[in-house]
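Examining the three-dimensional arrangement
Below are the chains, spelled out letter by letter.
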Amino acid sequence: MELPNNDIGEKNREALAAQAHIWNQIFNFISSMSLKCAIQLGIPDIIHSHGRPMTLSDLVDALSINNNNAKIQDCVYRLMRILIQAGFFIQENEGYLLTPTSRLLLKDDPMSMIPFLQLQLDPIMMSPWHYLSKWFQNEDSTPFLTAHGKPLYEYAEKEPKFSCLFNEAMATDAQFVASVMTEHCKGVFEGLKSLVDVGGGNGALTKAFADAFPQINFTVFDLPHVIEECDEGIKNLTYVGGDMFKSIPSANAILLKV
Ligand SMILES: C[S@@+](CC[C@H](N)C(=O)[O-])C[C@H]1O[C@@H](n2cnc3c(N)ncnc32)[C@H](O)[C@@H]1O
């Protein structure tokens, strides 16, 4: 924020700038929380299906929100203003349109980042941040342990819903990584007979490799509770559950992408 260069005095000018800076830092969470709200309300998909610039009143009508609230249109306007400022939408002739960034927030886009957003902004993943200073003072390995009393993967083992959210979030970049690797880095796979993906999650990435390189035998290796939730293997893809700190299946090559 630019402050007027008038006669408030250099010291006051500096103090005001410092205060504004602190306000900006304190309220930084508004950006991510507004984005989360937009995803929960399905705003990118609604604007996308509209097929042309969408006016505020059309958007308000299309949203599943409390339309009895007289101020609701103004609140949606303010939410959209934050999201435009953050680069998620543009406004053209009074209508909202997607940007390349919000296209990655469409439910059915193959590169959709919605699962990653849902995981990272879930209270389970956010709460460790509230324990950061406590963690600095104790001997826990991670702030997650301080917040939840158990390490992340133990927590996921006990909470299937969270485990599913975590594995889907980890797989969000699989399509993109797979397409780059299979189109531009084929040499990496040359001469391989077998490859094990250690900590391979739900196998989304390895499955794409297995489709692209049918002559190679692939194994997805992950904790037993993750493997239990995986689909059946295909001809050249097997799933194995275990603990990588004890042993891992043998193969020509090991992929460790964590
Ligand atoms: C950060 S995720 C990465 C997932 C995937 N490789 C990716 O890049 O999207 C780490 C993975 O390691 C697995 N993992 C953690 N500890 C493990 C262990 N001791 N043995 C086997 N897998 C483990 C987790 O279940 C999780 O799927």
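Starting afresh in each chain, residues are numbered from 1 along the sequence in its written order. Note on the predicted model: pLDDT of at least 70 is required for a residue's local features to be given, and 80 or more for side-chain atom pairs to be given and counted; whole-chain, interface and lining totals, by contrast, use all residues. Side-chain figures throughout are based on the complete set of non-hydrogen atoms in the structure, without hydrogens or water.

1. Re the overall build of the chain
So the rule is basically this: A run of H or I in DSSP counts as a helix once it spans at least four residues, and a run of E counts as a strand once it spans at least two, with each numbered from the N terminus. As a reference, a globule follows 2.2 Å times the number of residues to the power 0.38, and the radius of gyration itself is taken over C-alpha atoms. Working rule for contacts: check all heavy atoms of both residues, and any pair within 4.5 Å makes them a contact. Accessible surface is estimated by sampling points in the Shrake-Rupley manner with a 1.4 Å probe; for residues, cover comes only from the protein chains shown.
Each helix and strand in the chain was counted, giving 15 helices and 6 strands. Whereas a compact globule of 258 residues would reach a radius of gyration of roughly 18 Å, the chain reaches 24 Å, over 25% beyond that. Viewed in the frame of its principal axes, the chain has a C-alpha envelope of about 75 × 50 × 40 Å. Considering only residue pairs separated by 6 or more positions, the chain has 47% of its internal contacts joining residues 24 or more positions apart. A total of about 16500 Å² of accessible surface is found on the chain, and carbon and sulfur atoms cover 55% of it.

2. Focus: the domain arrangement of the chain
The condition is simple: Those domain boundaries reflect an automatic or database domain assignment. Summed over both partners, the accessible area (1.4 Å probe) lost when two parts come together is defined as the buried area. Within this document, salt bridges are pairs made up of a side-chain nitrogen of Lys or Arg and a carboxyl oxygen of Asp or Glu, the two lying within 4 Å of each other. Here a polar contact is taken to be a pair of N or O atoms separated by no more than 3.5 Å, where protein atoms must pair a possible hydrogen donor with a possible acceptor and residues adjacent in sequence count only if both atoms sit in side chains. When residues are sorted by character, Ala, Val, Leu, Ile, Met, Phe, Trp, Tyr, Cys and Pro go into the nonpolar class, Asp, Glu, Lys and Arg into the charged class, and all the rest, Gly among them, into the polar class.
For the chain, the assigned domains read domain 1 (29-103), domain 2 (114-170) and domain 3 (174-255). Here the C-alpha centre of domain 3 lies 25 Å away from the C-alpha centre of domain 2. With both chains or domains summed, domain 2 and domain 3 bury close to 420 Å², and 57% of this area falls on carbon and sulfur atoms. Sorting the residues of domain 2 by area buried against domain 3 places Tyr153, Glu157 and Asn167 first, and these three jointly supply 74% of that buried surface. The interface formed by domain 2 and domain 3 includes 0 salt bridges. At the junction of domain 2 with domain 3, the criterion picks out 0 residue pairs in polar contact (both at pLDDT 80 or more). Listing elements by their share of the side of domain 2 that touches domain 3, those giving two or more residues are α11 (152-158) and α12 (160-170). Looking at the side of domain 2 that touches domain 3 residue by residue, the classes come out as 2 nonpolar, 2 polar and 2 charged.

3. Some details on the nonpolar core
We count it as follows: Each nonpolar core is a collection of buried residues, namely Ala, Val, Leu, Ile, Met, Phe, Trp, Tyr and Cys, held together in the definition by side-chain atoms within 4.5 Å. The cut-offs for exposure are 20% and 50% of the maximum accessible area for each residue type, with area from a 1.4 Å probe on protein chains only; residues under the lower value are buried, those over the upper are exposed, and the others partly exposed.
Membership of the largest hydrophobic core comes to 25 residues, with the highest contact counts inside it found for Ile43, Ile47, Leu59, Met80, Leu83 and Phe89. Of all the secondary-structure elements, those providing two or more residues to this core are α2 (29-40), α3 (43-50), α4 (56-62), α5 (72-85), β2 (95-98) and α7 (114-120). At 5 residues, α5 tops the list of elements feeding residues into this core. For this core, the domains that each give at least three residues are domain 1 (29-103) and domain 2 (114-170). Apart from residues lying up to four places away in sequence, Ile43 is in contact with Ala38, Leu59, Leu63, Leu79, Met80 and Phe89. Counting residues in each nonpolar core, the second largest holds 17 residues, with Ala178, Leu195, Phe218 and Ile227 among its members.

4. Quick look at the packing of aromatic side chains
Selection criterion: Here a Phe, Tyr or Trp ring, Trp counted by its six-membered ring, pairs with any other such ring whose centre lies within 6.5 Å, and the pair is stacked when the planes are under 30 degrees apart, edge-to-face when over 60, and tilted otherwise.
Overall, the coordinates contain 11 aromatic pairs when judged by the stated rule. With a centroid separation of 6.4 Å and an interplanar angle of 45 degrees, the aromatic rings of Phe162 and Phe166 are classed as tilted. Within this pair, Phe162 and its partner Phe166 are both found in helix α12, separated by 4 residues, close to a single helical turn. For Phe162, a relative accessible area of 3% corresponds to the buried category. Here Phe166 falls in the buried class, since its relative accessible area comes to 11%.

5. A look at the confidence of the model for the chain
Definition in use: Known as pLDDT, the predictor's confidence for each residue is given on a scale from 0 to 100.
Per-residue pLDDT for the chain averages 94, and the proportion of residues at 70 or more is 98%. Both confidence scores are given for the complex: pTM 0.91, ipTM 0.98.

6. Details of unusual backbone geometry
Even without a glycine there, the phi angle at Asn93 is positive, about 45 degrees. Along the chain, the position of Asn93 falls in the loop between β1 (89-92) and β2. Residue class for Asn93 comes out exposed when judged on its relative accessible area of 71%. Notably, Glu94 is not glycine yet its phi reads approximately 70 degrees, a positive angle.

7. Thoughts on the side chain of Asn167
Note on placement: Asn167 falls in helix α12. The exposure class assigned to Asn167 is buried, which follows from its relative accessible area of 11%.

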